[in-house]
Amino acid sequence: MHCWLAPLLIWSSLTGTGTSQDGPLEKFFPGAATVFHCALDRSWDRNYDDWPDGWQRRHGSDYPQHVEVKMAEASGPDGSRPLEIHLDGGRVGLNSPSVAASSSNNYVFCGRLEMEGTRYDEAFFTITFLDEAGKPLETITSERVRKTEGWRWVRIGPVTPSDPKTRLAKIGLHVRPTTKEDLSGTVRFNDFRLGSLPRMELKADRPLPFYREGRPIAIECRLSGFSQTEPKVDLVLEDAFGQTVRSETRRLELKDASQPESEKTASLVWKPSKVGPGFYRVRAHLVGARDGLCTDQLTLAVLGPLDGSTESEFGWSFDRGKGPLDYKQLGDLVAQAGVGWVKYPLWYGESATTEEVESLIRFCDRLSLTGYRVVGLLNTPPAEVYRRFGNPSVLETADLFAADTQLWYPSLDAVLKHFSARILWWQLGRDGDRSFVGCRDLTVELARIEKILNPQGLDTHIGIPWDWMFRFPTTSTERPTVGFVSIRSDPTMTHTELADCLKRTDSEDRLRRNENGFTSDQTWVTLAPLAKGEYTTLTRVSDLVRRMIVAKGEGDSAIFATDPLDEKTGLLEPDGTPGELYVPFRTTAMLLGGTKAAGSIQLPGGSQNRLFLGSQTATMVVWNTQSCEEVLYLGKDVRQIDLWGASEKPKLQGDRQTIRVGPLPTFVTGVDPEIARWRQGVRFANRKIPAEFGKPQANRLIVENRFPSGVNGLVRIVTPKSWKTTPAEFPFELAYQETFAEGFEVTLPDFSKTGKNRLRLDFEIHGDEKGDCRFSVYRQLYVGDGLVGIDVFPEFTPSGQLLVTQRFWNRSRTPVDFQCVLLVPGRQRLETRVTNLADGEQETVYRLNDGKSLLGKTLWLRAQEIRGTRQLNYPVRIHQLQEAIYE
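Residues numbered from 1 in each chain as written. Predicted model: local features only at pLDDT ≥ 70, side-chain atom pairs only at ≥ 80, totals over all residues. Heavy atoms only, no water.

Caption draft 1: The arrangement of the overall build of the protein in detail. In terms of regular secondary structure, the protein is built from 13 helices and 53 strands. Overall, the protein is about 110 × 80 × 60 Å in size when its C-alpha atoms are taken along their principal axes. Burial statistics for the protein: of 887 residues in total, 53% are counted as buried. Looking at the protein alone, contacts between residues at least 24 apart form 70% of all its contacts between residues at least 6 apart. Carbon and sulfur atoms provide 46% of the accessible area of the protein, an area that totals close to 40,100 Å². Of note, the protein has its 110 positive side-chain charges centred 5 Å away from the centre of its 116 negative side-chain charges. (Helix = DSSP H or I, 4+ residues; strand = E, 2+ residues; numbered from the N terminus. Buried < 20%, exposed > 50% of the residue type's maximum accessible area, 1.4 Å probe, protein only. Contact = heavy atoms within 4.5 Å. Areas by Shrake-Rupley, 256 points an atom, 1.4 Å probe, with all protein chains shown as cover. Lys, Arg positive; Asp, Glu negative; His and termini not counted. Charge placed at Lys NZ, Arg CZ, Asp CG, Glu CD.)

Quick look at the structure:
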């Protein structure tokens, strides 16, 4: 198990601490071997001084010795003598004698606690691991308890010592005040048990487990501190959604059976085969151990062969630095992530060593020389700056830079000497910093700061963080321009909210900012992923990718994922191993980075999509709330790539590709950009036609040649069944960028559906440089004026009755009267009337007994205007008993 996992496992165990169960260590943690047990009976007080032998009390100003601590009379559970503390202000702390411990084992603890008459003080246990000399290495804390109803058990673990130098362990008993301190009350501790469990550890054959598709994967499973003679382990490889991809039960090979149990080790190497691109978890569990005990997991990513570009608008923002990684590992992660921007803190203090500064310089140089754009974050002032400001608990960025230059500039002097020629982008404050909000004459202040940071007038861009919730400020002076504004929201926006904000930013708000005197060269977007544990993986993945698509579609200069190493929201785990969002981010960034947003096209199944143009081809991102297939011709060399990077050629129906679509966005590469642009240049002059049946209605088809040369060909109009179109096809010959508009008439049959109707336009094109091609364009004609209409909601009651709710609406101010009829196959027609309805809604419910007999049949709702010509028709197909849907 990686050492960084220990706090996570501890917290997991604490949140599950039992309060009602009663039992020894073995009941809570079956299979645990007791390594320390203190029941506080007479054997622990051999000198009769009412103090447990070998235990030590903490001393210090916070630990007053007048607070009485002693072994009570035999009043505890099972007749033992609990350790009793009579509160009188201050802290109390006790440590047990040391016991042997090792990083080869996991450890668990349980102890009893009782509190009487307490209000503010809290009591808790700790396990402290120490080295051979008795130096503390780490301390693990239990939950903190303020009140109990009698005696209760408190547990810790399983927990793994993170330091291999661990040789000893101590149990700690603690009472501490919170907001106030108790001057009376009693706390009792009793029956402390520390146990050991076998330790399972998984380790990949790479320092960071990222594998290229087709490269062998090798996972070492190591077991220590066990008693079995032939230990076996269950190994499982899961995908991002917890579905098993590979599984196997294997016997571990003992290294030396003669070793004592605490030093025995066994291991194996697992090589799961044929693992496609994606994010995976490897889980290992000792056969026979209780769930949650003697287990480990690690994450890995298999990366498909996608081509990224350092010209990508996507980036990573390392607000808190590199964490436990070294700069080479961080650079390797950046190089395969599909990003083109990197934000990194560069404000180091006078305590930074020459080696640290040189490593940072080499890291930035490596990124810059390979094409990445580095943004220097001036977000965390070093200690000497805090001292000059009087060591405040919080030092706001805007206040810092507005203060006397001598308070903050000297610590930046060395930074700027090293990096001013290397870094062209500098951000004042971390992403999400709101301290510049409300600053007066902000543009003047930023101009002053820029002169200080860039006295030589280099091509340097100074930017600030901002929040979507706040408007940009006004100024009464000249209009200097800030290099960029990096905007994020807290709390996180949905993709729909983000789209609205970006549209306002690109239109009215941007103009208003110019009028107010505040402009920026670039607007950057910072995206904070949803937190793990609060949302499902499906929701987190879909939300992040949809927001990336929105930000890219609105043409923002840079789009950053914030804090990739964050434990809850990061794309990576804190140790640099992949998180569940890493591969979807990488796939999206790789495929969309460096492209140009080009709107969307109408698909036959109505799926939502966005087009992005590359240098030669286009990429389409497509999704739908329901699983479906979109069948159409998109180009000669089309591939479909899922969010995990798995690529396949779509199945063909004739020369048309079949694209499988669902709630998660999927990518279609190799889309012919000229055909896509042609599709966007086709329209009807009238998108709505009156709901008048049996009467020819005039319209025009408009087509713009968006191919790079002149073409000729034929277009056929394919309408819903029984519609009549005259003429149904047109030959054309168009020069480059020429447009033709041909008139036609459409006659609707008596039972034509009101509302949206899909038409298909089949094109045969000749003469283009790439040869002949055939493809279809899909468009909708709306039957009706859109002023009056009906929404239909069929549903079944528990008794099987079918209810058809008719919601008639009128969006005009002119009152209307309609005769409504529900036509049911094989049954009597049901009639209602809408009278004098103006600018509102009227709801009617039709009730049909034995609704199950109507499954699979189509009902028709028809409304005829009284003393008018309008007629509304709605087919209602009853699909299944649980859910009825109208078309």
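Text resumes after the structure shown.
Caption draft 2: Structural detail: the sheet that holds strand 32 (residues 628-632). The three strands are arranged 32-36-35 in an open sheet whose pairing can be described as antiparallel. Lying at the two open borders of the sheet, with one neighbouring strand each, are strand 32 and strand 35 (651-653). The sheet shows a mean angle of 35° between the axes of neighbouring strands, direction not considered. Summarising the sheet, strand 35 and strand 36 (residues 656-661) pair through three bridges and their orientation is antiparallel. Bridge pairing links K651 to T658 in strand 36. (Pairing = 2+ DSSP bridges. Axes fitted to C-alpha atoms, helices over the stretch in contact; angles between N-to-C directions.)

Caption draft 3: Quick look at the packing of aromatic side chains. For the structure on display, the rule yields 37 aromatic pairs. The interplanar angle of 45° and the centroid separation of 5.4 Å between the aromatic rings of W524 and F560 together place this pair among those described as tilted. With W524 in strand 27 (residues 519-527) and F560 in strand 28 (residues 558-562), the pair connects residues that are 36 residues apart, well separated along the chain. Assigned by exposure class, W524 and F560 land together as buried. Residues W678 and F732 carry aromatic rings whose centres are separated by 6.0 Å and whose planes lie at 40° to one another, so their mutual orientation is tilted. Residue W678 is found in helix 13 (residues 673-680), and its partner F732 is found in strand 43 (residues 729-734); the two are separated by 54 residues along the sequence. (Phe/Tyr/Trp six-rings, centres within 6.5 Å; stacked < 30°, edge-to-face > 60°.)

Caption draft 4: Layout of the pattern of salt bridges. Going through the model one piece at a time under the given rule, you end up with 44 salt bridges. For K343, the salt bridge goes to D431, with nearest N and O atoms at 2.7 Å. Here K343, found in strand 22 (residues 341-345), pairs with D431, found in the loop between strand 24 (425-428) and helix 8 (442-453); they are 88 residues apart in sequence, far enough to count as distant. For K343, a relative accessible area of 0% puts it in the buried group. Look at the salt bridges and you will find they share partners, linking R42, D45, D50 and R81 into a network. (Salt bridge = Lys/Arg side-chain N within 4 Å of Asp/Glu carboxyl O.)

Caption draft 5: Structural detail: the nonpolar core. By size, the foremost hydrophobic cluster in this structure holds 92 residues, and its most contacted members are W316, F419, L428 and F585. Sequence-distant contacts of L428, defined by excluding residues within four places in its chain, comprise L378, T397, F401, F436, L446, I449, L453, I462, G463, I464 and P465. F36, L87, V92 and V175 belong to the second largest nonpolar core, which has 37 residues in total. (Core = buried A, V, L, I, M, F, W, Y, C linked by side-chain atoms within 4.5 Å.)

Caption draft 6: Highlighting helix 3 (residues 327-335). Every buried residue of helix 3 is listed here: Y327, L330, G331, L333 and V334. On an axial view of helix 3, the arc spanned by its buried residues comes to 160°, and they lie on one face. Residues of helix 3 that are buried make contact with strand 13 (210-212), strand 21 (314-317), strand 22, helix 4 (354-369) and helix 12 (582-592). The N-cap of helix 3, judged by a side-chain oxygen 3.1 Å from the amide nitrogen of K328 a few residues on, is D326. (Arc of directions from axis to C-beta. Polar contact = N/O pair within 3.5 Å; in protein donor to acceptor, adjacent residues only side chain to side chain.)

Caption draft 7: Seen up close, the packing of helix 7 (residues 405-419) against helix 8. At their nearest, the axes of helix 7 and helix 8 sit 11 Å apart, and the two run at 45° to each other. In terms of their interaxial angle, helix 7 and helix 8 are classed as oblique. Residues T405, W408, Y409, L412 and L416 of helix 7 lie in contact with helix 8, whose contacting residues are R448, I452 and L453. Partitioned by chemical class, the residues of the contact of helix 7 with helix 8 number six nonpolar, one polar and one charged. (Parallel < 35°, antiparallel > 145°, perpendicular 65-115°, else oblique. Nonpolar A, V, L, I, M, F, W, Y, C, P; charged D, E, K, R; others polar.)

Caption draft 8: Representation of the sheet that holds strand 29 (residues 596-597) within the structure. Ordered by their spatial adjacency, six strands build an open sheet running 29-30-31-37-33-34, and the pairing between neighbours is antiparallel. Since the sheet does not close on itself, it has two edges, and those belong to strand 29 and strand 34 (647-648), each with one partner. Those strands touched by helix 12 are strand 30 (608-613), strand 31 (618-623), strand 33 (639-641) and strand 37 (666-671), and its axis lies near 25° from that of strand 37. Against the sheet, helix 13 engages strand 30, strand 31 and strand 37, with an angle of about 130° to strand 30.

Caption draft 9: Region of interest: the state of the cysteines. All chains considered together, the criterion is met by zero disulfides. Not engaged in a disulfide, the cysteine C38 finds its nearest cysteine sulfur in C110; these two sulfurs lie 12 Å apart. (Disulfide = S-S within 2.5 Å.)

Caption draft 10: Examining unusual backbone geometry more closely. Looking along the chain, the bond that leaves G157 and enters P158 is cis, with omega of 5°. Mapped onto the elements of the fold, P158 is located in strand 10 (residues 152-159). Of note, the bond from T726 into P727 is cis; its omega dihedral lies within 30 degrees of zero at -15°. Relative to the assigned elements, P727 resides in the loop between strand 42 (724-726) and strand 43. Even without a glycine there, the phi angle at Y48 is positive, about 60°. Here Y48 shows up in the loop between strand 1 (33-38) and strand 2 (56-57).

Caption draft 11: Representation of the side chain of K552. Mapped onto the elements, K552 comes out in helix 11 (residues 537-553). Reaching out from K552, the side chain makes a polar contact with the side chain of E313 at a distance of 2.8 Å. Sequence-distant contacts of K552, defined by excluding residues within four places in its chain, comprise E313, F314, I559, L592, G594, T595, A597 and F612.

Caption draft 12: Inspection of the pairing of strand 46 (residues 773-783) at higher detail. Among the eleven residues of strand 46, nine are classified as buried, and the element is accordingly described as predominantly covered. Judged from the two bridges that link them, strand 39 (residues 688-689) and strand 46 form a sheet pairing that is parallel. Residue K688 lies in a different strand from strand 46, and its bridge partner there is Y782. Sheet topology note: the strand 45 (residues 755-766)/strand 46 ladder contains eleven bridges and is antiparallel. In the sheet register, N757 faces strand 46, and the bridge partner there is L781.

Caption draft 13: Spotlight on the pairing of strand 25 (residues 461-467). Within strand 25, seven of the seven residues are buried, which leaves the element mostly enclosed by the surrounding structure. Sheet analysis places strand 24 next to strand 25, joined by three bridges and oriented parallel. Among the inter-strand pairings, Q427 is bridged to a residue of strand 25, identified as G463. For the segment spanning strand 24, helix 8 and strand 25, crossover handedness is right-handed. (Right-handed = clockwise from strand over helix to strand, strands pointing away.)

Caption draft 14: Seen up close, the confidence of the model for the protein. Mean pLDDT over the protein: 88, with 91% of residues reaching 70 or higher. pLDDT under 50 marks residues 1-22. Its contacts with residues more than four places away, or in other chains, come to 48 contacts. Ignoring residues within four places in sequence, the model shows residues 507-518, a span with pLDDT below 50, making 28 contacts including any to other chains. (pLDDT = per-residue confidence, 0-100.)

Caption draft 15: Structural view of the environment of V108. Relative to the elements of secondary structure, V108 occurs in strand 7 (residues 105-116). By relative accessible area, which is 0% here, V108 ends up buried. Note: C-alpha distance between V108 and T34 (74 residues apart in sequence) is 9.2 Å. Apart from the residues within four sequence positions on either side, V108 is in contact with L25, F29, A32, I156, G157, P158, R193, L194, G195 and L197.

Caption draft 16: Structural detail: the environment of L823. When you line up the elements, L823 lands in strand 49 (residues 816-823). Taking the C-alpha atoms as reference points, L823 and W860, 37 residues apart in sequence, are found 5.1 Å from one another. Once you skip the residues sitting within four places of it in the chain, L823 turns out to touch F751, R829, L859 and W860.

Caption draft 17: Fine view of helix 12. By the criterion of burial, helix 12 is predominantly enclosed, with eleven of the eleven residues buried. Residues Y582, V583, P584, F585, R586, T587, T588, A589, M590, L591 and L592 constitute the buried set of helix 12. G594, located one to two residues past helix 12, shows a positive phi value of around 80°.

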